[in-house]
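If you want the building blocks of each chain, they are given just below.
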Amino acid sequence: MVRSTPFVRTVTLALLAYAAVLVIGRRLLPLDSFQLLAYDDVTQAGAPVIASLCCAYAGRRSEGRISWAWRFLAAACASWAVGDLAWTTYEILLRRDTPFPSLSDAGYLGMLPLMLIGLILLAPSDRALLGARTALDGLSVVVAAASIVWIVALRGIYAASDTTYLEKAIGGAYPLGDLVIFFAMFVTLHRQRSPQATVVLATFSAGLALFMLSDIGFAYASLNDTYVNGGAVDFGWPFGFLLMGYAATLHVAWRPNYRLDETLRTSVAWQQAMPLCLIALMFVELELSYRSGQADLPLVVMTGAVLAAVVLRQALVLRDNAALTRQAYVEFDLKAIFDGDLYPDFFLFWILCHQSRFEGEKPSSCWLEKWKKEAEDKCLRALENLRPGVEKA
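Residues numbered from 1 in each chain as written. Predicted model: local features only at pLDDT ≥ 70, side-chain atom pairs only at ≥ 80, totals over all residues. Heavy atoms only, no water.

Section: the overall build of the protein chain
For the record, the criterion: Helix and strand definitions follow DSSP, with helices as H or I runs of at least four residues and strands as E runs of at least two, each counted in order from the N terminus. Only protein chains enter the area calculation, which uses a 1.4 Å probe; residues under 20% of their type maximum are buried, those over 50% are exposed, and those in between are partly exposed. Every residue pair with non-hydrogen atoms within 4.5 Å of one another is taken to be in contact. What sets the accessible areas is the Shrake-Rupley method with a 1.4 Å probe; for residues, cover comes only from the shown protein chains.
Looking only at helices and strands, one finds 14 helices and 0 strands in the protein chain. Within the protein chain, the fraction of its 393 residues that count as buried is 40%. Put simply, of all contacts in the protein chain between residues at least 6 apart along the chain, 77% involve residues at least 24 apart. For the protein chain, the computed accessible surface area is about 22400 Å², with 66% contributed by carbon and sulfur atoms.

Structure, rendered in structure tokens:
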């Protein structure tokens, strides 16, 4: 059961207080324009520092793979803090607009590979990123998200913007790097774990989601020279980092187990429907772009990539289907049956596994073999009856 602790409550109050400083302080304090700019830069730069310290402490209190995961996440937050420091130096100490690209971009973009490594290490060691079906699901979702980013933000910018190729490459690296992190985040969250681990990962992912939204907005505004310091885009980064720090705090308090919990059973209906929904989304995007005369090669390639990933994923599902590839079996949990007084289950077990079901002059004449043969014959007859209808159609 997920529960709070005094440590969690204390850190939560501290993070909420800092969030209040970010939002309320700039509105209440009597500051001129330059002082307000300095206040925004300094307070926003503190958020990744706090997140880095929380993640570093989580790594220190952990062991093995998980310890290294939180240390890489701490380094990722620290890299962003270095970028914020460079940004603040330009605007406050040098009193000039931060150029684009600038030294701050080195710190900001340096965060992406460190964050990716940390998320990979947080994935269970028995599956990590090696589960083919999970990887294909993640690839489909990321490419579909990339198509939306391309249509909404990047296609018009790269076609009409008069910025240099270097500026376009760095501006596009933010949303593209975020999509790679989103892939790792999807794979990490895809499987069921203990409730504590689920809460920690979901909280960290919520912070990453805010972070990604700000990155996409920043890329769009920067390439069109519409970015304004202190605008709505700026708040996604600090609040995202505060959520990441809170997730690290929960990890320290709960010490959750990040290994897969195969005993947790949840509905997989959404997982089965997701590939078809992604294909439908991609073809709708392609059709709308074609009608508006904006269908281009990147969108066609992304649609083909999603289609190929979904087809391959469904092929793996069929390959892993026990009913199609190998003999199936029925399992009865006698302890659960007797402890829970599950009379219907016991009745089914009794009529199926009674001694009389295995008796016969030869193995093929026992009742279990007869039932198996009858089921095979019924399946063959059903297929034969379907054939004329298929030929007619």
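Quick notes on helix H4 (residues 103-122)
To keep it simple, the criterion reads: Expected span of a helix, by definition, is 1.5 Å for each gap between consecutive residues, and there is one gap fewer than residues.
The end-to-end C-alpha distance of H4 is 30 Å, a good match for the 28 Å that 20 residues give at a rise of 1.5 Å each. Looking at H4, one finds that the buried residues are Ser 104, Asp 105, Gly 107, Tyr 108, Met 111, Leu 112, Met 115, Gly 118, Leu 119, Leu 121 and Leu 122.

Quick notes on unusual backbone geometry
Leaving glycine aside, a negative phi is the common case for residues, and trans is the common case for peptide bonds. The backbone of Arg 255 shows a phi angle near 50 degrees, a positive value even though the residue is not glycine. Tracing the backbone through its elements, the reader meets Arg 255 in the loop between helix H8 (232-254) and helix H9 (269-291). The class of Arg 255 is partly exposed, set by a relative accessible area of 43%. Of note in this structure, Asp 341 is not a glycine but carries a positive phi near 50 degrees.

Quick word on the confidence of the model for the protein chain
Test applied: Each residue carries a pLDDT score, the predictor's own confidence in it, on a scale running from 0 to 100.
Here the protein chain shows a mean pLDDT of 79. Residues at 70 or above account for 80%. Summarising per-element confidence for the protein chain, the mean pLDDT is lowest in helix H11 (residues 322-325) (53) and highest in helix H3 (residues 64-93) (93). Counted against residues more than four places away or in other chains, residues 126-130, with its pLDDT under 50, gives 11 contacts.

Some details on helix H6 (residues 165-189)
Test applied: The bend at a residue is defined as the angle formed between two axes, one fitted to the seven residues ending at that residue and one fitted to the seven starting there.
In this model H6 runs 36 Å from its N-terminal to its C-terminal C-alpha over 25 residues, within 8% of the 36 Å that 1.5 Å per residue would give. Maximum bend of H6: about 30 degrees, positioned at Ala 173, with proline Pro 175 one to four residues after it.

Here we look at the side chain of Asp 84
Note that Asp 84 resides in helix H3. Judged by relative accessible area, which is 12%, Asp 84 ranks as buried. In contact with Asp 84, other than residues within four places in its own chain, are Gln 44, Ala 45, Pro 48 and Tyr 108.

Topic: the pattern of salt bridges
The line we're drawing: Counted as salt bridges are all cases of a side-chain nitrogen of Lys or Arg within 4 Å of a carboxyl oxygen of Asp or Glu.
Scanning all chains against the criterion turns up 2 salt bridges. Here Glu 287 ties to Arg 291 by a salt bridge, and the two come within 2.7 Å at their closest N and O atoms. Of this pair, Glu 287 and Arg 291 both sit in helix H9, separated by 4 residues, roughly a single helical turn. A salt bridge links Lys 335 to Asp 339, with the nearest nitrogen and oxygen atoms 2.9 Å apart. On the criterion of helical spacing, the pair formed by Lys 335 and Asp 339 is a turn pair, its members being 4 residues apart in helix H12 (residues 334-339). The exposed category is assigned to Lys 335, whose relative accessible area is 60%.

With respect to the packing of helix H1 (residues 6-28) against helix H2 (residues 33-60)
Spelled out, the test is: Every angle, taken between N-to-C directions, lies between 0 and 180 degrees, and every axis is a line fitted to C-alpha atoms, over only the stretch in contact when it is a helix. If an angle is under 35 degrees, it is roughly parallel; if it is over 145, roughly antiparallel; if it lies from 65 to 115, roughly perpendicular; otherwise it is oblique. Handedness of a helix crossing follows the sense of rotation of the near helix relative to the far helix, less than a right angle counterclockwise being left-handed and clockwise being right-handed. Under the scheme applied here, ten amino acids are nonpolar (Ala, Val, Leu, Ile, Met, Phe, Trp, Tyr, Cys and Pro), four are charged (Asp, Glu, Lys and Arg), and all others, including Gly, are polar.
Packing of H1 against H2 leaves a shortest axis separation of 9 Å and a crossing angle of 165 degrees. Here H1 is positioned roughly antiparallel relative to H2, judged by the angle of their axes. Of the two elements, H1 crosses H2, and the hand of that crossing is left-handed. On the side of H1, the interface is formed by Phe 7, Leu 15, Tyr 18, Val 21, Leu 22, Gly 25 and Arg 26, while H2 contributes Leu 36, Tyr 39, Asp 40, Val 42, Thr 43, Gln 44, Gly 46, Ala 47, Ile 50 and Tyr 57. Here the residues of the contact of H1 with H2 sort into 11 nonpolar, 4 polar and 2 charged.

Thoughts on a nonpolar patch on the surface
Quick reminder of the rule: What makes a patch is a set of residues exposed beyond 30% relative accessible area and free of salt bridges, joined within 9 Å when like-charged and within 5 Å when nonpolar (Val, Leu, Ile, Met, Phe, Trp, Tyr).
Taken together, the side chains of Tyr 343, Phe 347, Leu 348, Trp 350 and Ile 351 make up a nonpolar region of the molecular surface, amounting to roughly 540 Å² of accessible area. Position of Tyr 343 among the secondary structure elements: in helix H13 (residues 343-353).

As for the state of the cysteines
Worth spelling out the cut-off: We call a pair of cysteine sulfur atoms a disulfide when they lie within 2.5 Å.
For the structure shown, the criterion picks out 0 disulfides. For Cys 54, which is in no disulfide, the shortest distance to another cysteine sulfur is to Cys 55 and amounts to 6.9 Å.

Section: the environment of Leu 281
You can see Leu 281 is positioned in helix H9. For Leu 281, a relative accessible area of 32% gives the class partly exposed. Separated by 134 residues in sequence, Leu 281 and Ser 147 have C-alpha atoms that sit 9.8 Å apart. Beyond its immediate stretch of four places on either side in the chain, Leu 281 contacts Ala 144 and Ile 148.

Details of the packing of aromatic side chains
Basically, it comes down to this: Here a pair means two rings of Phe, Tyr or Trp (six-membered ring of Trp) with centres within 6.5 Å. Their orientation is stacked below 30 degrees between planes, edge-to-face above 60, and tilted elsewhere. Only when the NZ atom of a Lys or the CZ atom of an Arg is both within 6 Å of the ring centre and within 35 degrees of the ring normal do we say a charge sits over the ring.
Applying the stated criterion across every chain yields a total of 13 aromatic pairs. Ring geometry for Trp 68 and Phe 72: centres 6.4 Å apart, planes at 45 degrees, overall tilted. Within this pair, Trp 68 and its partner Phe 72 are both found in helix H3, separated by 4 residues, close to a single helical turn. For Phe 72, a relative accessible area of 26% puts it in the partly exposed group. Ring centres 4.2 Å apart and planes at 35 degrees place the aromatic pair Trp 80 and Tyr 108 in the tilted group. Of the two residues, Trp 80 is situated in helix H3 and Tyr 108 in helix H4; the sequence distance between them amounts to 28 residues. On the basis of relative accessibility, which here comes to 6%, the residue Tyr 108 falls in the buried class. Joined through ring pairs, the aromatic side chains of Trp 80, Tyr 108, Phe 211, Trp 237 and Phe 241 make up one cluster. Here the basic side chain of Arg 71 rests over the ring of Trp 68, its NZ or CZ set 5.3 Å away from the ring centre. Sitting over the ring of Phe 34, Arg 95 keeps its end group 4.1 Å from the ring centre.

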